[in-house]
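Coordinates in review
Chain residues, written in single-letter form:
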Amino acid sequence: MIQLDTLGTLDLRRDGTEVRSVLAQPRRLALLVYLATATPRGFHSRDRLLALFWPEADTEHARNALRQALHYLRRSLGEDAVVGRGDREVGVDFELLRCDAVAFDQALEEGREEDALALYRGDFLAGFFIEDAPEAARWLEDERDRRRRAAVRAAWRLAERERARGEQRAAVLWARRAMALEPNDEASLRRLVEQLDAAAEPAAALDAYAEFAQRLQAEFGLSPAEETVRLVEEIRTRRKADAAAVPASPPPPPAPSAPAPPSSAVQTPPAAAVLTALEPVFRDGDGVEDQPAVDRQQGAGRLRPLPRSAWLRRAAVAAAAAIVLAAGGWLWRRSPQPAAAAAAAPASIAVLPFANMTGDPGKEYFSDGISEELLNVLTRVPGLQVAARTSSFAFKGKDVGIDSVGRALKVGHVLEGSIRTSGDRVRITAQLINARTGYHLWSQTYDRRLDDIFAVQDEIAHAIVAALQVEMGEPGGALARAETSDPEAHALVLRGAHEIRLATRESLERAASFYEEAIRRDPRYARAYAGLATAYMWQAYFGHIPRSAGYTRARATAERARALDPGLAEAYAVLGRIAQFDGDFAGAEAHYQHALRLNPRDPRVYSRRSELLRRQGRYDEAIASARRATELDPVSPAAFSDLATAYAEAERYPEALAASEVALQFSPDHPVLLGNRALWFSEMGRHAEAVRAIEYARARAPAETFSRGMLAYVYARAGRRAQADSAVRAAEASPGASPYGLASIHMVLGNRDRVFALLERAVKEEPELAAGLRTDESFAALHGDPRMQAILRRLPR
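Remember, predicted model here, so these are calculated numbers, not experimental data.

Here we take up the overall build of the chain. Looking only at helices and strands, the chain has 35 helices and 13 strands in total. A total of 797 residues make up the chain; the buried ones form 53% of that total. Working note: accessible area of the chain is about 34,700 Å², and carbon and sulfur atoms make up 50% of it.

Structure, rendered in structure tokens:
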């Protein structure tokens, strides 16, 4: 049995299994929907189908396209699902295929309004659009409007029926359903107001009118008609008279407020909710208005993409990799709106970056580094929830009230302070503030030698624990550990961490040199080894150094860090990432789980584990892990980029675009984020939008090598052969270009020999991508070629 759902949710299943191959092809899906729902039902002329779906093609090409589409539908749904009558007509077997839109129509014809409205979960093919087929698009829009109007009429018939029976409450429910389906229809508004008044709910009637009037003014600049105003005034006058006739009575006691849901039930808010909550924090900056509309579209409905290449997964992953290193300047402009107050647990804190009071901007790395170290120390307190570094540091240099910080990060307390150095001395001033009241709970200044810096961090942490009265785990135990006795080595590690976040080729080179110098000064400094391993890993990942040699070097350095300090979560995170790159998924999972046991609130590990789960096709788990990262780090573009990628991998494109919208608000011009959206539009078959999006990304950052491959791929998918050939040549000339990604482009262009040459390179240079070659649909057509079989035999299992 085949089930096709088109009302509100777009879904196609055969014997309960989703038929992704058809959902991923918009034109073929539209053809199936037409055959299943168009009236009169039955067989349809092939000439009519050609005119609808291939109007711009000549007769020969259009007929060939129709034959291919019908063959594809039969192969996906079964040979008997799509049937013909002679050579001129085609249809579907309604004994084998069930469609909710057809059932909706039949229920209305038989007078079963309740059954029909139970089926009507939303507009017919909501958000679906057929490109380059204007007559088919008009048919779709007409069918959408026809069914919506039919649903409205059915709801009003039910409302009148219940009202005639004296069931006023039921009548109100159906009236509200009708109004929800047609919210801007003033005649429906008057009927709803009359129904509410008849049900002895005049206050609700006035509220419904006020909401309608406000929306009418905001969206259309209009006022309600005189007829509507008179009706409302009659109700308002009668209500005043009734109130005057009844003696006042004491108000009822307030109902107890509902308890807050447990944290496990809280879901990551959609884009609009996140932006509204953070609107007071980032205001009056450069941002989203400068982007074209294509980059802000979130899509609608449950549209399925075309088959995705493993290279596209690398593209989306690199967005998070680049942004988590280089995140900064996250400002956007929105019209002021009141933000909903967020409940904050009392045992929660955000550590804002301490102010650099040295007078030397070059010492910014030191104040930032000490702030981050203190944040990490506090995460070791089991009874304390600490906002992630990315979110806390988003407020650096901004004149934002403490209450806004608390609402944005959902914390009850904020730690801020300043750092001043002079020779081998350091002065740290710290103060703990209640984010809701603004009152200082504790403040202290420390004048110490630089070699006492870890002891100062421990004192501050213990003071906070005492002030907040949270459980420490081991009473009296040290929270901050003396990682090195050499202050200069410590300063070098802080400088290395600062350079890594800049994420350029030069900054990663500087980071490695700082960590190497720290190790020369203190060969047993575990965090210096972990930082060096991180620098090597990113240099290899971005192709700044040979990948294989870079990963080998990073693994050995991380192993040394782990040997020196088994409790260093960063070392396990690096080892997990490298194991993932090598295709050792079981080893990567073990390392990530170990890192989370050591630091269960590190959003970076949740994001990396989400990527690992995606590689294995465990999409629901990947989304959950990525969502957890956004909960821990709600102002992180990297976290939301990873969440977007997880949704995209699960072929949930509306959610992917919504999550990427949040990431773009924080980093509006990031070329990789913009490029990923272009790829998603391309995979959805929305090629015109994809081209505009990738060209916009390239215009914003023309020197960015990463998006050159994206440009070539999008052009190739859009059928722009000359532009694709030029773009792929430029991509191949770029340093660090991915052979797997280049193979994906040449596959679309039909250059098979070049594809095989590049895949041979990918097996050697990119085992993390080549490991997915067996299931990558982009190369499925090559599996019968002996050259592909030879490549597949060499892949690790």
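That covers the picture; the talk isn't over yet.
It is worth spelling out the sheet that holds strand β4 (residues 44–45) at this point. An order of β4-β6-β5 is seen for the three strands of this open sheet, with the pairing classed as antiparallel. Edge strands, defined here as strands with exactly one partner in the open sheet, are β4 and β5 (82–85). As judged from the four bridges shared by β5 and strand β6 (residues 89–92), these two strands associate in the antiparallel manner. Bridging across to β6, Val-82 finds its partner in Val-92. Set on the sheet, helix α2 (residues 26–37) makes contact with β4 and β6; between it and β6 the angle comes to about 85 degrees.

A few words now on the environment of Val-672. Relative to the helices and strands, Val-672 is located in helix α28 (residues 671–683). Relative accessible area serves as the criterion here: at 4%, Val-672 is assigned to the buried category. Between the C-alpha atoms of Val-672 and Ile-694, which are 22 residues apart in sequence, the distance is 9.7 Å.

Segments scoring low in pLDDT should not have their predicted coordinates read at a detailed level. For the chain, per-residue confidence averages 79 on the pLDDT scale, and 84% of positions sit at 70 or higher. Throughout residues 310–314 the model reports pLDDT below 50, and contacts reaching past four residues in sequence, or to other chains, amount to 22 contacts. Scored below 50 in pLDDT, residues 324–345 makes 67 contacts in the model with residues more than four places away or belonging to other chains.

Where strand β1 (residues 2–5) lies against strand β2 (residues 11–14), four bridges are found, and the strand directions are antiparallel. Looking across to β2, one finds that Leu-4 is bridged to Leu-12. Where β1 and strand β7 (residues 97–99) come together, three bridges link them in parallel fashion. Across the sheet, Leu-4 pairs through a bridge with Cys-99, a residue of β7.

This next bit is on the pattern of salt bridges. Scanning the model with the defined rule gives 57 salt bridges in all. Where Asp-47 meets Arg-88, a salt bridge forms, and the shortest distance between an N and an O atom there is 3.6 Å. In this pair, Asp-47 sits in helix α3 (residues 46–53) while Arg-88 sits in the loop between β5 and β6, placing the two residues 41 residues apart along the sequence. What makes Asp-47 partly exposed here is its relative accessible area of 34%. In this structure Arg-88 comes out as exposed when scored by relative accessible area, which is 60%. For Asp-725, the salt bridge identified is with Arg-721, shortest N-O distance 3.2 Å.

Counted according to the given criterion, the structure contains 10 aromatic pairs. Ring plane angle 40 degrees and centroid distance 5.4 Å describe the contact between Phe-104 and Tyr-120, whose orientation is recorded as tilted. With Phe-104 in helix α5 (residues 100–109) and Tyr-120 in the loop between α6 (113–119) and α7 (134–164), this pair connects stretches of sequence that are 16 residues apart. The pair formed by Phe-104 and Tyr-120 is uniform in burial state, with each residue classed as buried. Plain terms: the ring middles of Tyr-541 and Phe-581 are 5.3 Å apart, the flat faces sit at 25 degrees to each other, and that makes the pair stacked.

This part is about helix α8 (residues 168–181). Over its 14 residues, α8 extends 20 Å from the first C-alpha to the last, a length consistent with the 20 Å expected when each residue adds 1.5 Å. Of all the residues in α8, the buried ones are Ala-171, Val-172, Trp-174, Ala-175, Ala-178, Met-179 and Leu-181.

Below, the discussion takes up the packing of helix α18 (residues 487–502) against helix α20 (residues 526–541). Across the interface, α18 lies against α20 with an axial gap of 10 Å and an inter-helix angle of 25 degrees. Viewed along their axes, α18 and α20 adopt a mutual orientation that is roughly parallel. Considering how the two elements wind past one another, α18 and α20 form a crossing that is left-handed. Between α18 and α20, the contacting residues are His-490, Val-493 and Ile-500 on the first element and Arg-527, Ala-528, Gly-531, Thr-534 and Ala-535 on the second.

This part is about the nonpolar core. Residues Leu-12, Leu-31, Leu-32 and Phe-53 are the most contacted members of the largest nonpolar core, which totals 81 residues. Take this core: its biggest share by element is 11 residues, from α7. Residue contacts for Phe-53: discarding those within four places in its chain leaves Arg-27, Ala-30, Leu-31, Tyr-34, Ile-130, Ala-133 and Ala-136. Val-414, Tyr-696, Tyr-740 and Leu-749 belong to the second-largest nonpolar core, a separate cluster that totals 79 residues.

Let us now look at helix α21 (residues 547–564). Between its terminal C-alpha atoms α21 stretches 26 Å, which fits the 26 Å expected from 18 residues at 1.5 Å a residue. Inspection of α21 places Arg-547, Gly-550, Tyr-551, Ala-554, Thr-557, Ala-558, Ala-561 and Leu-564 among the buried residues, and these make up the whole buried set. Each buried residue of α21 lies within a common arc of 145 degrees when the element is viewed along its axis, so the set occupies one face. Exposed and oriented more than 90 degrees from the buried face of α21 are Ser-548 and Ala-563.

Here Ser-660 lies in helix α27 (residues 653–666). Side-chain polar atoms of Ser-660 contact the side chain of Arg-677, separated by 2.4 Å. Ignoring sequence-local partners within four residues, the contact set of Ser-660 consists of Ala-644, Arg-677 and Trp-680.

Spatial ordering of the open sheet is given by β3-β2-β1-β7, a layout of four strands whose pairing is mixed. Pairing within the sheet leaves two strands with one partner each, and these edge strands are β3 (17–18) and β7. As judged from the two bridges shared by β2 and β3, these two strands associate in the antiparallel manner. Its bridge partner lying in β3, Arg-13 is registered against Glu-18.

The rules behind these values
Residues numbered from 1 in each chain as written. Predicted model: local features only at pLDDT ≥ 70, side-chain atom pairs only at ≥ 80, totals over all residues. Heavy atoms only, no water. Helix = DSSP H or I, 4+ residues; strand = E, 2+ residues; numbered from the N terminus. Buried < 20%, exposed > 50% of the residue type's maximum accessible area, 1.4 Å probe, protein only. Areas by Shrake-Rupley, 256 points an atom, 1.4 Å probe, with all protein chains shown as cover. Pairing = 2+ DSSP bridges. Contact = heavy atoms within 4.5 Å. Axes fitted to C-alpha atoms, helices over the stretch in contact; angles between N-to-C directions. pLDDT = per-residue confidence, 0-100. Salt bridge = Lys/Arg side-chain N within 4 Å of Asp/Glu carboxyl O. Phe/Tyr/Trp six-rings, centres within 6.5 Å; stacked < 30°, edge-to-face > 60°. Expected span 1.5 Å × (residues − 1). Parallel < 35°, antiparallel > 145°, perpendicular 65-115°, else oblique. Left-handed = near helix turned anticlockwise from the far one by under 90°. Core = buried A, V, L, I, M, F, W, Y, C linked by side-chain atoms within 4.5 Å. Arc of directions from axis to C-beta. Polar contact = N/O pair within 3.5 Å; in protein donor to acceptor, adjacent residues only side chain to side chain.

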